[in-house]
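In case you want the letters, here they are:
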Amino acid sequence: MAGLNGDPFLGIDDNIEKLQYNNNSKEAIDKEGLVVGIGEDSSNNKNNNQGGEKDMAGNSIHRSGSRPQLDLSKAEIQGNSEERDPTILLPNQTDDISHLALDIGGSLIKLVYFSRHEDQSVDDKRKKIVKERLGISNGNRRNFPVLGGRLHFVKFETSKLNECLDFISSKQLHRGGIDSHHWNSEAPANENAVIKATGGGAYKFADLFKERLGVSIDKEDEMDCLVAGANFLLKAIRHEAFTHMEGHKEFVQIDHNDLFPYLLVNIGSGVSIIKVDGDGKFQRVSGTNVGGGTYWGLGRLLTKCNNFDELLELSQRGDNRTIDMLVGDIYGGMDYSKIGLSASTIASSFGKAISDKKELQDYRPEDISLSLLRMISYNIGQISYLNALRFGLKRIFFGGFFIRGHAYTMDTISFAVHFWSKGEAQAMFLRHEGFLGAVGAFMSYQKHGLDDLMVHHLVERFPMGAPYTGGKIHGPPLGDLNEKISWMEKFVLKGTEITAPVPMAPPGTTGLGGFEVPSSRGATLRSDASALNVGVLHLVPTLEVFPLLADPKMYEPNTIDLSDHKELEYWFTVLSGHLPDLVDKAVASEGGTDDAKRRGDAFARAFSAHLARLMEEPAAYGKLGLANLLELREECLREFQFLDAYRSIKQRENEASLAVLPDLLLELDHMDEETRLLTLIEGVLAANIFDWGSRACVDFYHKGTIIEIYRMSRNKMQRPWRVDDFDLFKERMLGSEGKKPRPHKRALLFVDNSGADIVLGMLPLARELLRRGTEVVLVANSLPALNDVTAMEVPDIVAEAAKHCDILRRAAEAGGLLVDAMNNNSLDGSRGNSSSVPLMVVENGCGSPCIDLRQVSSELAAAAKHADLVILEGMGRALHTNFNARFKCEALKLAMVKNQRLAEKLIKGKIYDCVCRYEPAT
Ligand SMILES: CC(C)(COP(=O)(O)O)[C@@H](O)C(=O)NCCC(=O)O
Ligand SMILES: [Mn+2]
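All of the points below concern the structure found in this document. Note that the structure is predicted; figures quoted are calculated from it, not measured.

## Comments concerning the coordination of the manganese ion (ligand 2)
Around the manganese ion (ligand 2), the protein contributes the donor atoms Asp-752 (OD), Asn-753 (OD1) and Asp-788 (OD), which lie 2.0 to 2.1 Å from the metal centre. Mapping the donors of the manganese ion (ligand 2) onto the primary sequence yields the spacing D-N-x34-D. Here Asp-788 lies in the loop between strand S23 (775–780) and helix H26 (794–802) and Asp-752 lies in the loop between strand S22 (746–750) and helix H25 (756–771), a separation of 36 residues in the sequence. When its relative accessible area of 5% is taken as the criterion, Asp-752 is described as buried.

Dropping the structure here:
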């Protein structure tokens, strides 16, 4: 069996027919998916997070509960099953226990509500042993009553209060706030139900709430809430604050220790100006009665517009010079240069209307709206600056729903602050601008632990429909898939006005003179446009910052920054190109049923809508990098309940690769140490070609078998690789001039793809480390992403591999991986040898092909504590993210570059070039 002619893999040709990748096998996969779909209990099929699935060996396996999904087990139809939309009872669904807080303003009602997940993580035997080994005790975790839940943000026009009440009632949001001081979600709604609310409407509509919903309103002070909300958002959300100058949006990293003092300007119907000195420490120093209500009220009278957004939309097409009196109008077209005023400066808002012999109907509503908007925005900017000056403050944060993410409004305010402060003060805006008060009211529920949450505990997601409310599109959909799909269908009917909703003022709208006319993008503006900038906040208190990052503050996961429009366009095209194929796979993975097709369609539309939206405004969801786009795609699949689109492909590739593993191990064992190390690294790089996320690779799979592709890939492994630090790594591992270096104590191996990648690449490398006395922790995804292997799948792969290898078996036993197999699979019939160093598996806390090391699982953070070597493998984890990351310990980054453009950009190379980057500890 040993390799001939130096080809260590010649012996594995026998398996070729088992491993065929061609159109027939694709069909087989599809068919297999269909059989799985019909054969499986629907609860298993749909609900991958619960226990009860069977692995390839028929063992019962448990899924990680890090981000639970819908639990359909024991679902039954309530009442008449013939009904068109019968109610389905989900007895095991513990999701969506809700708590609600409101800010009822003069124009808008803002809702913040919380839906809770029970902690469903399965404490199986393996996990327990790993925890023991890693020294994780549950006692270390802080007790968060708000555990694993989500914060949703919704708004209604105050004039549509009834819609808002319907919404609350339909989602039973009032049932959670039983007791204003405690979270008590178990108790049924009762007479004493209370919800927290702020704003004038909390007083005005209290009786209506009691009458319609049976709840009392617990009124919270408006200023307290605004400040508490702003402080929370500024501390807890990474990309909350941004500047907006001349059409350019830039996120500002706020240092938590350097947040105070600042000036908070909340522009609602009126304007409050607050000096904030700390948590709960503030003073309302000024305000103005000329605010959002003024714009809307005057605007409605003057233009006959029906709503605020329509008025704003009009301004997009306006030219205020027809109404405003400019310096040039007074000075015969000349500048008044002596005092620094250009001819185009507004001398008097609406001033031209005095002298013109025109009536209201002679002015275009567009021009009126723009003139009004500029008048009010400049005025607010100026008053804010004067107050900042009064207290020596440099930072002014503007909030309130007057702004609505409207580029031109922000530019105008920024211009005023910049102009009057001569660049000394900075206007900043908040992504959750309208929700400060509501968030603050929410924070006033005691003991929910929210104030203890840190940036790394929050993950923001942008599910379809999240912020939409009112009218026919009534949302946001919670966990109900059907509701989501029908929402999506309505969404599509609405067409492009929804898919690209936010107006973008092109650069130069205000300019230094501040008087250019905004260019019209009216067609893309819709009523609640700005709300799309806000997603759903997932609260995951178990996430931690990866402790081995050399400088977490400087760490930026993304290598590719998509604020470069060319780059964004390229990846937009690539990901759009992948869609049809991905939908096919996803639908097949769910049995190809009509339901799956409908979901597939909804997924494709939803993801395309996100892409279109981000093309329009790349910073809409916060700072955008390639990793965010790739994760968005996975999240979007999960939203439409495609929990593992590549399931059968992964299984097939695992089986095929496991079949040839014994031969590979045998051949490796016949090599000397140095050849073996090189062969192992080559093996990892070569096997990384099995990547279903790369167009080029997928095209390959139709042309050959796994082994042919693997062999081809191996043959390309001619050193030097494009990035080649192998000699350095070898020296660290084997020493030089006869000196044997000490082995690593513990290595974290971030594994990537299923099949050959893990089985023929990373596992043999892990085995080598184990053989040298290094503890090995395989770090795998918590949730599926493309064909990446998950932490839940790895133990079974290891168990299979261990059947043929003593080193792996003993280490896996020591690491608690062979819980089921422990008694049967021993090669020599003996029990596990506890003297072996352990092989362990931990989940990384994410479900993406990339990894953001600012937010990893607590398991991984614990495992990292004693690690002195990190190996990152694959394009997603080692190139798209973390290529530039620096670690406190040694790091090895291994990947094959399977994209031509990335190869050119990153390593000045070409597609299929390899990266082996070794970095000593910093
Ligand atoms: C999604 C991926 C990062 C996965 O690569 P991996 O981490 O598995 O090596 C990669 O396949 C990728 O960047 N694909 C998109 C580009 C393309 O089709 O070439
Ligand atoms: Mn991958």
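Here the narrative resumes.
## Details of the nonpolar core
Membership of the largest hydrophobic core comes to 155 residues, with the highest contact counts inside it found for Phe-546, Phe-603, Ile-681, Leu-748, Phe-750, Leu-778 and Phe-887. With near-sequence residues (within four places) excluded, Phe-887 lies in contact with Phe-546, Leu-548, Leu-549, Ala-550, Leu-853, Leu-872, Lys-893, Ala-921 and Thr-922. Within the second largest apolar cluster, 66 residues are counted, among which are Val-112, Leu-226, Ala-441 and Val-534.

## Things to note about the sheet that holds strand S21 (residues 723–724)
Through backbone hydrogen bonds, the strands of a sheet pair up, either in parallel or in antiparallel fashion. An order of S21-S27-S26-S25-S22-S23-S24 is seen for the 7 strands of this open sheet, with the pairing classed as mixed. Lying at the two open borders of the sheet, with one neighbouring strand each, are S21 and strand S24 (839–843). Contacts between helix H21 (residues 673–687) and the sheet are confined to strand S25 (869–873), strand S26 (890–896) and strand S27 (914–919), with S26 contributing the most and set at about 50° to the helix.

## Here we look at the pattern of salt bridges
In the structure shown here, the tally under the stated rule is 52 salt bridges. Here Lys-898 makes a salt bridge to Asp-691, at a shortest N to O gap of 3.3 Å. Taken as a pair, Lys-898 in the loop between S26 and helix H30 (900–907) and Asp-691 in the loop between H21 and helix H22 (695–701) lie far apart in primary sequence, 207 residues in all. Using a relative accessible area of 2% as the deciding quantity, one classes Lys-898 as buried. For Asp-691, a relative accessible area of 10% translates into the label buried. A salt bridge links Lys-893 to Glu-919, with the nearest nitrogen and oxygen atoms 3.1 Å apart. Residue Lys-893 is located in strand S26, and its partner Glu-919 is located in strand S27; the two are separated by 26 residues in the primary sequence.

## Topic: helix H7 (residues 222–236)
Look at H7: 21 Å from first C-alpha to last across 15 residues, which is about the 21 Å you get at 1.5 Å a residue. Burial within H7 is extensive, with 11 of its 15 residues counted as buried. Turning to H7, its buried residues number three or more, namely Met-223, Cys-225, Leu-226, Val-227, Gly-229, Ala-230, Asn-231, Phe-232, Leu-233, Leu-234 and Ala-236. Of the residues flanking the start of H7, the one acting as N-cap is Asp-221, its side-chain oxygen 3.1 Å from the backbone nitrogen of Met-223.

## Notes on the pairing of strand S12 (residues 262–267)
In terms of residue burial, S12 counts as a mostly covered element, since 6 of its 6 residues are buried. Residue alternation in S12 divides its side chains into two sets, Tyr-262, Leu-264 and Asn-266 and Leu-263, Val-265 and Ile-267, and both sets are buried. Across 6 bridges, S12 lies against strand S13 (residues 271–278) in antiparallel orientation. Across the sheet, residue Tyr-262 finds its bridge partner in S13, namely Val-276. Here S12 hands over to S13 after 3 residues, the two strands then running antiparallel side by side. For S12 and strand S17 (residues 395–399), the ladder comprises 4 bridges, and the chain directions are parallel. The partner of Asn-266 across the bridge, within S17, is Gly-399.

## Re the site of ligand 1
With respect to spatial proximity, 17 residues lie near ligand 1, and among them His-578, Asp-691, Gly-876, His-880 and Lys-898 are the closest. Asn-753 is positioned with one of its side-chain polar atoms (N or O) 2.9 Å from an oxygen atom of ligand 1. Taking Lys-898, its side chain carries an N or O atom lying 2.5 Å from an oxygen atom of ligand 1. For ligand 1, whose free accessible area comes to 480 Å², the fraction covered by protein is 99%.

## Here we look at the sheet that holds strand S10 (residues 241–245)
Pairing in this open sheet of 7 strands is mixed, and the strands run S11-S10-S18-S17-S12-S13-S14 from one edge to the other. At either margin of the open sheet sits one strand with a lone partner, and together these are strand S11 (248–251) and strand S14 (281–288). Neighbour-to-neighbour, the strand axes of this sheet turn through a mean angle of 30°, independent of strand direction. Of the strand pairs in this sheet, S13 and S14 are connected by 7 bridges, and their pairing is antiparallel. In the strand pairing of S14, Val-276 is matched with Phe-282.

## Some thoughts on the packing of H25 against helix H27 (residues 806–814)
Running from amino to carboxyl end, H25 crosses H27 at an angle of 75°, the nearest separation of the two axes being 10 Å. One finds that H25 runs roughly perpendicular with respect to H27. Contacts between H25 and H27 involve Leu-763, Arg-767, Leu-770 and Arg-771 from the former and Ile-807, Leu-808 and Ala-811 from the latter. When the residues that make up the contact of H25 with H27 are grouped by side-chain class, the tally is 5 nonpolar, no polar and 2 charged.

Reading the values: the criteria
- Residues numbered from 1 in each chain as written.
- Chains lettered and ligands numbered in written order.
- Predicted model: local features only at pLDDT ≥ 70, side-chain atom pairs only at ≥ 80, totals over all residues.
- Heavy atoms only, no water.
- Donors = N, O, S within 2.8 Å, 3.2 Å for Na, K, Ca; no water.
- Helix = DSSP H or I, 4+ residues; strand = E, 2+ residues; numbered from the N terminus.
- Buried < 20%, exposed > 50% of the residue type's maximum accessible area, 1.4 Å probe, protein only.
- Core = buried A, V, L, I, M, F, W, Y, C linked by side-chain atoms within 4.5 Å.
- Contact = heavy atoms within 4.5 Å.
- Pairing = 2+ DSSP bridges.
- Axes fitted to C-alpha atoms, helices over the stretch in contact; angles between N-to-C directions.
- Salt bridge = Lys/Arg side-chain N within 4 Å of Asp/Glu carboxyl O.
- Expected span 1.5 Å × (residues − 1).
- Polar contact = N/O pair within 3.5 Å; in protein donor to acceptor, adjacent residues only side chain to side chain.
- Near = heavy atom within 4 Å.
- Areas by Shrake-Rupley, 256 points an atom, 1.4 Å probe, with all protein chains shown as cover.
- Parallel < 35°, antiparallel > 145°, perpendicular 65-115°, else oblique.
- Nonpolar A, V, L, I, M, F, W, Y, C, P; charged D, E, K, R; others polar.

Geometry only, nothing functional implied.
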